[in-house]
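Working through the structure, step by step
As a plain string of letters, each chain reads:
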Amino acid sequence: MEEHVPIIGIARHRLGVDGEGVTTLVVFHSCPLRCKYCLNPRTITESTEHIEHFTCKELYGKVKADELYFLATGGGVTFGGGEPALRYEFVRDFRKICGEKWRIYVETSLNVPQQNIEALISVVDGFIVDVKDMNPNIYEAYTKRDNTQVLANLRFLANQGRQDDVLVRLPLIPDFNTAYDRGESRAILEKMGFMRFDEFVYIKY
């Protein structure tokens, strides 16, 4: 029997925010982090409200309505969350169903076992990596987790020569890091060969 995975949202017709071209964002439930300013707290709630469960075939049947947009713009499906790399088997099976014609992106913290990223690297066109901050003390203060696995997975992607396929998100996080800290993070990443960055500021409400 096919696995049903929990999905809290499917957003269509996204342009230039989750990869190339027109994309559909599929948001998985569950995340290993507990960030102070979580951008999507529904991914870590224990409530089952607003959570649907899909098999790969069911999800494909739902998102293929936008195939013409994907093909015309070089877009496809972006898996986010939460942490989609926790569902690497589902993403890998989805690629088998949709074939090579769509692009697949994964928005990830990389705070998962390396075997998860190893399983995804051959089926994913691009990674959108939210590293928070490369300083381990800042990272742990903000996420309540350490970033040892993040660093290991960044090195793995670099060793595989996938730097050009990685967009690194570097937020300025109020009360946690500074512009100087962010510059230090960028310098470390550039030494690893990563050159594509999205720098922005978290806004506290």
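Each remark here, short or long, concerns the structure printed above.
Residues numbered from 1 in each chain as written. Predicted model: local features only at pLDDT ≥ 70, side-chain atom pairs only at ≥ 80, totals over all residues. Heavy atoms only, no water.

**Remarks on the pattern of salt bridges**
Where we set the bar: Here, a salt bridge means any Lys or Arg side-chain nitrogen found within 4 Å of an Asp or Glu carboxyl oxygen. Partly exposed describes any residue whose relative accessible area lies between the buried limit of under 20% and the exposed limit of over 50%, with all areas from a 1.4 Å probe on protein chains only and scaled to the type maximum.
Counting across every chain of the model gives 13 salt bridges. A salt bridge links aspartate 18 to arginine 14, with the nearest nitrogen and oxygen atoms 2.2 Å apart. The exposure class assigned to aspartate 18 is buried, which follows from its relative accessible area of 2%. Accessibility expressed as a relative area gives 26% for arginine 14, which makes it partly exposed. In this structure, the salt-bridge partner of lysine 132 is aspartate 130, at a minimum N-O distance of 2.8 Å. Accessibility assignment for this pair places lysine 132 and aspartate 130 in one class, buried. What you see here is one network of salt bridges that share partners, running through Arg182, Arg186, Glu190 and Glu199.

**Let's talk about the packing of helix α1 (residues 56–63) against helix α3 (residues 88–98)**
Stated formally: Axis definition: a line fit to C-alpha positions, over the contact stretch in the case of helices; interaxial angles, taken between N-to-C directions, run 0 to 180 degrees. We count a stretch as a helix when DSSP gives it H or I for four or more residues in a row; a strand needs E for two or more, and each element gets its number in order from the N terminus. Angle categories are assigned with fixed cut-offs, so that under 35 degrees is roughly parallel, over 145 is roughly antiparallel, 65 to 115 is roughly perpendicular, and the rest are oblique. Here a crossing is taken to be left-handed if its near helix is turned anticlockwise relative to the far helix by less than a right angle, and right-handed if that turn runs clockwise. The contact definition used throughout considers only heavy atoms, calling two residues in contact when any of these lie within 4.5 Å. Each residue gets one label: Ala, Val, Leu, Ile, Met, Phe, Trp, Tyr, Cys and Pro are nonpolar, Asp, Glu, Lys and Arg are charged, and the others, such as Gly, are polar.
For the pair α1 and α3, interaxial distance at closest approach is 9 Å and the crossing angle is 55°. By the angle class used here, α1 and α3 are oblique. In this structure, α1 meets α3 at a crossing whose hand is right-handed. Residue-level inspection shows Cys56, Lys57, Leu59, Tyr60 and Val63 of α1 in contact with α3, the latter providing Phe90, Asp93, Phe94, Ile97 and Cys98. The residue makeup of the contact of α1 with α3, split by class, is 8 nonpolar, no polar and 2 charged.

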